[in-house]
Amino acid sequence: MYLVPVAGSRDFLVTSGSTMAAAEIARQMTEGARNLSLSGHVGFDGMPDQLVNKSVCQGFCFNILCVGETGLGKSTLMDTLFNTRFEGDPSPHNQPGVHIKSSSYELQESSVRLKLSIVNSVGFGDQINKEESYKSLVEFIDAQFEAYLQEELKIKRTLHNYHDSRIHACLYFIAPTGHSLKSLDLVTMKKLDSKVNIIPIIAKADSISKNELQKFKIKIMSELVSNGVQIYQFPTDDETVAEINGTMNAHLPFAVVGSTEEIKIGNKMMKARQYPWGTVQVENENHCDFVKLREMLIRVNMEDLREQTHTRHYELYRRCKLEEMGFKDTDPDNKPFSLQETYEAKRNEFLGELQKKEEEMRQMFVMRVKEKESELKEAEKELHDKFDRLKKLHQDEKKKLEDKKKSLDDEINAFKQRKTAAELLQSQAQQSGSQQTLKREKERKNNPWLCTE
């Protein structure tokens, strides 16, 4: 619905239609119409105040990733930046790989609450083989993008109170060698520049002279440009901060010194580092760029870092992720492609692939069943052959045993016959012997004169 002023009248016409059509109608009907000024205060100029009050009530979150070799003063610089002492133990140098350690803190300055998350890369650059040192960092950043995307794709979203863990700024600590960037630094920053806002800083800048430091800065920026590494540039499109941001872009990378120790200098207590040859004042811009880093990172460009993370890095990840899933904005004819059509197309594609896989699995199952049946038939045939062989062998053995039994029976019968004949002869012999004995006894009785044998 649109309100279109009627020419020559104080009335408005309510119309509907596309934006271009409404604009054309408004142009035609407002030709020659007079402009009206407000006769009193309406109040929509208080919208910025309403946004400020709402934002202050909700609070803010800011996540910093500190990347650099162990011993470059990452934790000390964080303590100095936020003027507090965060809890944490010193990192050892014997880590087998790069370990990501995240810590969250609730800070308050005046009436503004800030939920600060400091992510430290423990063990970065300590291994002999540094080829895959950046992978843990990339995986952690992508994991935070994925968590936000999953929350965004939910049916019931709670983004208003969702803890945003996406990395808003990456402070990359460069060792103060004074020569050039290490291969590890170039490779890591090249892998991270499309995923996070990189702000390179030279750590422990009090260890090299000013002339060497200036040459080192020029060398670093030259190497970053020649290798195509895109670091975060402070925005210059806002007139209120264009001048200071343009000046600070020329000071990159910042050479910083961190210290939580306060030393009395003159009549003031100041953060400084005491050396036998003198004192390095952390907040003295003639000594280091700590104040410049704090102003650019926290006071001036913190909201732009958050916005760049959402509109640039997260949108790039989201677009690539959705394109991998098959979603697109236009069809082959460059016509708008609705989410419903995309869903239906992906659903039909998924069902087609599912049916195809199901058919393949069915065919594979049938083939496996046939193979198993053939194997079982072969095994059954082998068992039958083995049974036939054993049966034949059994019959042969049985026949041999029967033949042997028959011969034994014959031998037993013959033995019995011989035994019977022997017993018969023996009995006959005994009978004849007894008869002769009786005969002799009878003769002796009849003729006692016979001499006995």
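A short tour of the structure in this document, coming up. Along each chain, the written sequence defines residue order, and numbers are assigned to residues from 1. Local features are withheld for residues below a pLDDT of 70 in this predicted model, meaning they are given only at 70 or higher, and side-chain atom pairs are given and counted only at 80 or more; totals for whole chains, interfaces and linings count all residues. To obtain the side-chain values, all non-hydrogen atoms of the structure were included, while hydrogens and water were left out.

## Digging into the packing of aromatic side chains
- When two rings of Phe, Tyr or Trp (its six-membered ring) have centres within 6.5 Å they constitute a pair, described as stacked for plane angles under 30 degrees, edge-to-face for angles over 60, and tilted for the intermediate range. Across all of its chains, the model carries ten aromatic pairs by this definition.
- Centre to centre, the rings of Phe 82 and Phe 86 are 6.2 Å apart; their planes meet at 70 degrees, and the pair counts as edge-to-face. Both residues of the pair, Phe 82 and Phe 86, count as buried.
- Aromatic pair Tyr 275 and Trp 277: ring centres 4.9 Å apart, planes at 5 degrees, arrangement stacked.
- Here's how the labels work: a residue is buried when its accessible area is under 20% of the maximum for its type, exposed when over 50%, partly exposed in between, all with a 1.4 Å probe on protein chains only. The exposure class of Tyr 275 is partly exposed, given its relative accessible area of 24%.
- Site record: aromatic cluster; members linked through ring pairs are Phe 145, Tyr 148, Tyr 162, Tyr 314 and Tyr 317.
- Sitting over the face of the ring of Tyr 148, Arg 166 holds its NZ or CZ atom 3.7 Å from the ring centroid.
- For a lysine, the NZ atom is tested; for an arginine, the CZ atom; a charge sits over a ring if that atom is within 6 Å of the ring centre and within 35 degrees of the ring normal. Directly above the aromatic system of Tyr 314 lies the positively charged group of Arg 166, at a separation of 4.9 Å from the ring centroid.

## Considering the side chain of Asp 79
- Helix numbers and strand numbers start at the N terminus; a helix is a DSSP run of H or I with at least 4 residues, a strand a run of E with at least 2. In this fold, Asp 79 is placed in helix H3 (residues 74–81).
- Throughout, a contact is declared for two residues whenever any of their heavy atoms are within 4.5 Å. Contact partners of Asp 79, with chain neighbours within four places excluded, come to Thr 84, Arg 85, Phe 86 and Thr 260.

## Some points on the packing of helix H4 (residues 135–152) against helix H5 (residues 183–192)
- Here H4 crosses H5 at 15 degrees, and the two axes come no closer than 10 Å. The orientation of H4 relative to H5 falls into the category roughly parallel. Two packed elements cross with a definite hand, and for H4 against H5 that hand is right-handed. On the side of H4, the interface is formed by Leu 137, Val 138 and Ile 141, while H5 contributes Thr 188, Lys 191 and Leu 192.
- Of the residues contributing to the contact of H4 with H5, the split by class is four nonpolar, one polar and one charged. Think of each axis as a best-fit line through the C-alpha atoms, taken over the contacting stretch in the case of a helix, with angles from 0 to 180 degrees between the N-to-C directions. Any angle between 65 and 115 degrees counts as roughly perpendicular, while under 35 counts as roughly parallel, over 145 as roughly antiparallel, and the rest as oblique. For any helix crossing, the convention is left-handed if the near helix is rotated counterclockwise from the far helix by under a right angle, and right-handed if that rotation is clockwise. Under the scheme applied here, ten amino acids are nonpolar (Ala, Val, Leu, Ile, Met, Phe, Trp, Tyr, Cys and Pro), four are charged (Asp, Glu, Lys and Arg), and all others, including Gly, are polar.

## What about a nonpolar patch on the surface?
- For patch detection, residues must exceed 30% relative accessible area and be free of salt bridges, and they are connected within 9 Å for like charges or within 5 Å for nonpolar side chains (Val, Leu, Ile, Met, Phe, Trp, Tyr). The Shrake-Rupley method, run with a 1.4 Å probe, gives the accessible areas here. Residue values count only the displayed protein chains as cover. By convention in these notes, a salt bridge is any Lys or Arg side-chain nitrogen within 4 Å of a carboxyl oxygen on Asp or Glu. On the surface, a cluster of nonpolar side chains totalling about 330 Å² of accessible area is made up of Val 42, Phe 44 and Met 47.
- Along the chain, the position of Phe 44 falls in the loop between helix H1 (19–29) and helix H2 (47–58).

## Here's the deal with the nonpolar core
- Buried Ala, Val, Leu, Ile, Met, Phe, Trp, Tyr and Cys residues form a nonpolar core when they are joined through side-chain atoms within 4.5 Å. In this structure, Leu 171, Leu 293 and Leu 297 are the most contacted members of the largest nonpolar core, which totals 76 residues.
- At seven residues, the largest contribution of residues to this core is made by H4.
- Leave out the neighbours within four places in its chain, and Leu 171 touches Ile 64, Leu 65, Cys 66, Val 67, Met 78, Leu 81, Ile 199, Ile 201, Leu 293 and Leu 297.

## Things to note about the sheet that holds strand E5 (residues 112–122)
- Two strands pair if DSSP finds at least two bridges between them. Reading across the sheet, the six strands line up as E4-E5-E3-E6-E7-E8 and stay open at both edges, with mixed pairing between neighbours. Both outer strands of the open sheet, strand E4 (99–109) and strand E8 (254–255), are each paired with one neighbouring strand and no more.
- Two elements, strand E3 (residues 60–67) and strand E6 (residues 169–174), share four bridges in a ladder whose sense is parallel. Bridge pairing links Val 67 to Tyr 172 in E6.
- Contacts from H4 reach E3, E4 and E5, with the element oriented near 50 degrees to E4.

## A short note on the side chain of Gln 127
- Mapped onto the elements, Gln 127 comes out in the loop between E5 and H4.
- There is a polar contact of 3.0 Å between the side chain of Gln 127 and the backbone oxygen of Gly 123.
- In this view, Gln 127 contacts Gln 95, Pro 96, Gly 97, Val 98 and Ser 133; residues no more than four positions away in its chain are not counted. Polar contacts here mean pairs of N or O atoms no more than 3.5 Å apart (in protein, one a potential hydrogen donor and the other a potential acceptor; neighbouring residues in sequence count only if both atoms are side-chain atoms).

## Some points on empty space enclosed by the protein
- Think of a 1 Å grid over the protein atoms and nothing else: a 1.4 Å probe that fits but is trapped marks a cavity, an open set flanked by protein within 12 Å on at least five of seven lines marks a pocket, and residues with an atom within 4 Å of a point count as lining. Grid points are joined across faces, edges and corners, and a volume is the space filled by probe spheres set on the points. Inspection of every chain in the model, using the stated rule, returns one cavity of 30 Å³ or more.
- In this model, the largest cavity occupies a volume close to 60 Å³.
- In this structure, the largest cavity is lined by Glu 69, Leu 72, Phe 173, Ile 174, Ala 175, Thr 177, Ser 180, Leu 181, Lys 182, Asp 185 and Phe 216.
- Taken together, the residues of the lining of the largest cavity sort by class into six nonpolar, two polar and three charged.

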